[in-house]
Number of protein chains: 2
Amino acid sequence: MKALAFDVFGTVVDWRSSIIAELAAFGNTRGLQRDWPAFADAWRAGYAPAMDRVRRGELPWTRIDDLHRQILVSLLTEAGIEAGDDEVDHLNRAWHRLNPWPDAVAGLTRLKDRFVITTLSNGNLSLLTSMAKHAGLPWDCVISAELFRHYKPDPEAYLGCAELLDVAPGELTLVAAHPSDLRAAQAAGLGTAYVARPREHGPHGELHVVEPGEFDVVATDFLDLADQLGA
Amino acid sequence: MKALAFDVFGTVVDWRSSIIAELAAFGNTRGLQRDWPAFADAWRAGYAPAMDRVRRGELPWTRIDDLHRQILVSLLTEAGIEAGDDEVDHLNRAWHRLNPWPDAVAGLTRLKDRFVITTLSNGNLSLLTSMAKHAGLPWDCVISAELFRHYKPDPEAYLGCAELLDVAPGELTLVAAHPSDLRAAQAAGLGTAYVARPREHGPHGELHVVEPGEFDVVATDFLDLADQLGA
């Protein structure tokens, strides 16, 4: 194992509480009251179907920033909220300002001493770069599905990442909180490390079911991952 | 100005003294004496013509690591030196282990507080990533000509960098010690910052001629650049 590629939304950063806080702050400045947790969940829920339309070729290549914005505009309209372009842009960039899980920066810093650490996210490169600056994420490099114009779980994303890092697929391990992402990485020949993020979908979210032995490593957080990998 | 893209070989790192030291160390372990400075200069001199063959389409896309290796193998043969594959690989990866100019890390660290800082180098992504780890270069992200399959000075490299960073070409400034690189960036609509590196080609290297007003900023090193940019 030479390199670790990290899924980002949910695995490294706590998108839900960050987005809820940004929506609530937006609501406060506008004197609006809405169910912001439900709004955040609907925003996130629109993301996979939008990417799938790109993956199936129904949409041309479109960045996550633009997909997020389209979903946001629909949700604002549905909620009867009018907002100017600049306001929508600022709110949309909330995805650039997500906060890391409490163990993320310390764990990454340890893992970086022993391995090359990169993002492998469907987020566009500028989003991931802004986020790293905001959150202090110490990536060695920033790799995005945008570079391959193939969203995960397309195999091109996993194999393209290994190729850019100049390692064999088996020398690269995907770290993710989502079994579906890990299964696609495994099918492409990558190693797999599952990290549980039980609060990704809030206090009442459903937990993922992981079969024993299904992934190479199963960890409770990034510090546990660093322990298990000797970093 | 939102982002700074840095040329790397010669601008950020002192390739010549690093490569000479690696060649001399190789020579010592093998009991070989050669003119290592001349060998280093010949290795570097082979690089532009090899890239130009790729740029003209005479060679398919080829990474700098592979171009460097082809040139190295020729030079070793010419010098009557036999070396095994592993030895050649190790020596070739000397380009991953280049040392920064003395002001580089401190200057980049200051500039990073105010701007997005990225590489924009013809070096492949894995080379630039290894080098950043070796030299402690605090990039926000690592962008390589490899991502566009167009070597600088092709405009696709400069414009592709701006697109990935999601900034207009005029919001991106190229920082380089080479007027030719800066002129191509300028023609593509980027801002330009010339940093003098009078010792890039050794104590007797020729200095570049820069016309007054030709570039947006002219600096003596990265600390001076940070001063001039208010970082």
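Residues numbered from 1 in each chain as written. Chains lettered and ligands numbered in written order. Predicted model: local features only at pLDDT ≥ 70, side-chain atom pairs only at ≥ 80, totals over all residues. Heavy atoms only, no water.

Peer 1: Can you walk me through the interface of chain B and chain A in this structure?
Peer 2: Frequently, the measure chosen for interface size is the accessible area removed from exposure when the parts meet. Residue-level contacts link 20 residues of chain B with 20 residues of chain A. Together, Arg63(B), Lys133(B) and Leu164(B) form the three largest contributors to the area buried by chain B at its contact with chain A, with a combined 31%. The interface formed by chain B and chain A holds four salt bridges in total. Linking Arg63(A) and Asp166(B) is a salt bridge whose minimum nitrogen-to-oxygen distance equals 3.0 Å. Along the contact surface separating chain B from chain A lie twelve residue pairs in polar contact (both at pLDDT 80 or more). (Contact = heavy atoms within 4.5 Å. Buried area = accessible area lost by both parts, 1.4 Å probe. Salt bridge = Lys/Arg side-chain N within 4 Å of Asp/Glu carboxyl O. Polar contact = N/O pair within 3.5 Å; in protein donor to acceptor, adjacent residues only side chain to side chain.)

Peer 1: Please clarify how the relation of the copies chain B and chain A should be interpreted in this entry.
Peer 2: Note on the copies: chain B fits chain A at an RMSD of 0.0 Å, the axial shift is 0.0 Å, and the rotation between them is 180 degrees. The transformation just described matches what one would write down for a two-fold rotation axis. Closest to the rotation axis within chain B is the C-alpha of Cys141(B), separated from it by 2.7 Å. (Least-squares fit on C-alpha atoms with pLDDT ≥ 70 in both.)

Peer 1: Before we go on, may I ask you to explain the sheet that holds strand S4 (residues 172-176) of chain B in this structure?
Peer 2: All names here are of chain B. Taken in spatial order, the six strands make up an open sheet running S3-S2-S1-S4-S5-S6, and their pairing is parallel. The open sheet has two edge strands with one neighbour each: strand S3 (141-144) and strand S6 (217-219). Mean inter-strand twist for the sheet, computed between neighbouring axes without regard to direction, equals 25 degrees. Here strand S1 (residues 3-6) pairs with strand S2 (residues 116-121) via four bridges, running parallel. Along S2, the bridge assignment pairs phenylalanine 6 with threonine 119. (Pairing = 2+ DSSP bridges. Helix = DSSP H or I, 4+ residues; strand = E, 2+ residues; numbered from the N terminus. Axes fitted to C-alpha atoms, helices over the stretch in contact; angles between N-to-C directions.)

Peer 1: I keep staring at the pairing of S1(B) and nothing clicks. Help me out?
Peer 2: Residue and element names in this part refer to chain B. Judged by which residues are buried, S1 turns out to be covered on both faces: Ala3 and Ala5 on one side and Leu4 and Phe6 on the other are all buried. Relative to S4, S1 runs parallel, the two sharing four bridges. Note that in S4 the partner of alanine 3 across the bridge is leucine 172. (Buried < 20%, exposed > 50% of the residue type's maximum accessible area, 1.4 Å probe, protein only.)

Peer 1: I would appreciate a short explanation of the sheet that holds strand S6 (residues 217-219) of chain A in the present structure.
Peer 2: By definition, the strands of a sheet pair up through backbone hydrogen bonds, in either a parallel or an antiparallel sense. All names here are of chain A. An order of S3-S2-S1-S4-S5-S6 is seen for the six strands of this open sheet, with the pairing classed as parallel. Whereas interior strands pair on both sides, the edge strands pair on one side only; in this sheet they are strand S3 (141-144) and S6. The mean inter-strand angle of the sheet, taken between neighbouring strand axes irrespective of direction, is 25 degrees. With four bridges joining them, strand S2 (residues 116-121) and S3 adopt parallel strand pairing. Across the sheet, residue serine 121 finds its bridge partner in S3, namely serine 144. Lying over the sheet, helix H8 (residues 155-165) contacts strand S1 (3-6), S2, S3 and strand S4 (172-176), oriented at roughly 150 degrees with respect to S2.

Peer 1: Please clarify how helix H7 (residues 125-135) of chain A should be interpreted in this entry.
Peer 2: Residue pairs three or four apart in sequence face the same way in an α-helix, which turns once every 3.6 residues. All names here are of chain A. Burial of H7 is extensive: eight of the eleven residues sit out of reach of the surface. For H7, the set of buried residues is Leu125, Ser126, Leu127, Leu128, Thr129, Met131, Ala132 and Ala135. Directly after H7, the chain includes glycine 136, whose backbone phi takes a positive value near 70 degrees.

Peer 1: Looking at this model, I keep getting lost on the packing of aromatic side chains. Mind explaining?
Peer 2: What describes a pair of aromatic rings is the distance from one ring centre to the other and the angle between the planes of the rings. All names here are of chain B. Applying the stated criterion across every chain yields a total of 20 aromatic pairs over all chains. Between phenylalanine 6 and tryptophan 139, the ring centres sit 5.6 Å apart and the planes meet at 50 degrees, which makes this aromatic pair tilted. Remark: tryptophan 139 occurs in the loop between helix H7 (125-135) and S3 and phenylalanine 6 occurs in strand S1; sequence separation between them is 133 residues. Note on phenylalanine 6: relative accessible area 0%, which makes it buried. Tryptophan 139 sits in the buried class, given a relative accessible area of 6%. With a centroid separation of 6.0 Å and an interplanar angle of 85 degrees, the aromatic rings of phenylalanine 9 and tyrosine 47 are classed as edge-to-face. Taken as a pair, phenylalanine 9 in the loop between S1 and helix H1 (15-30) and tyrosine 47 in helix H3 (residues 47-55) lie far apart in primary sequence, 38 residues in all. (Phe/Tyr/Trp six-rings, centres within 6.5 Å; stacked < 30°, edge-to-face > 60°.)

Peer 1: What's the story with the state of the cysteines in this structure? I'm lost.
Peer 2: Covalent bonding between the sulfur atoms of two cysteines defines a disulfide. All names here are of chain A. If you walk through the whole model with that rule in mind, you get zero disulfides over all chains. You can see cysteine 141 has no disulfide; the closest cysteine sulfur is in cysteine 161, sitting 7.2 Å from it. We classify cysteine 141 as buried; its relative accessible area is 1%. (Disulfide = S-S within 2.5 Å.)

Peer 1: Can you walk me through the side chain of Ser126(B) in this structure?
Peer 2: If you trace the backbone, Ser126(B) turns up in helix H7. Residue Ser126(B) is classed as buried on the basis of its relative accessible area of 6%. Discounting residues that sit within four places of it in the chain, Ser126(B) has contacts with Leu164(A), Leu165(A), Asp166(A), Asp65(B) and His96(B).

Peer 1: Explanation requested: the packing of H1(B) against helix H5 (residues 85-92) of chain B in the structure shown.
Peer 2: All names here are of chain B. Where H1 meets H5, the axes come as close as 10 Å, and the angle between the chain directions of the two elements is 150 degrees. One way to sum up the angle between H1 and H5 is to call them roughly antiparallel. For the pair H1 and H5, the contacting residues are Glu22, Leu23, Phe26 and Arg30 in the first and Glu87, His90 and Leu91 in the second. In terms of residue class, the contact of H1 with H5 is built from three nonpolar, one polar and three charged. (Parallel < 35°, antiparallel > 145°, perpendicular 65-115°, else oblique. Nonpolar A, V, L, I, M, F, W, Y, C, P; charged D, E, K, R; others polar.)

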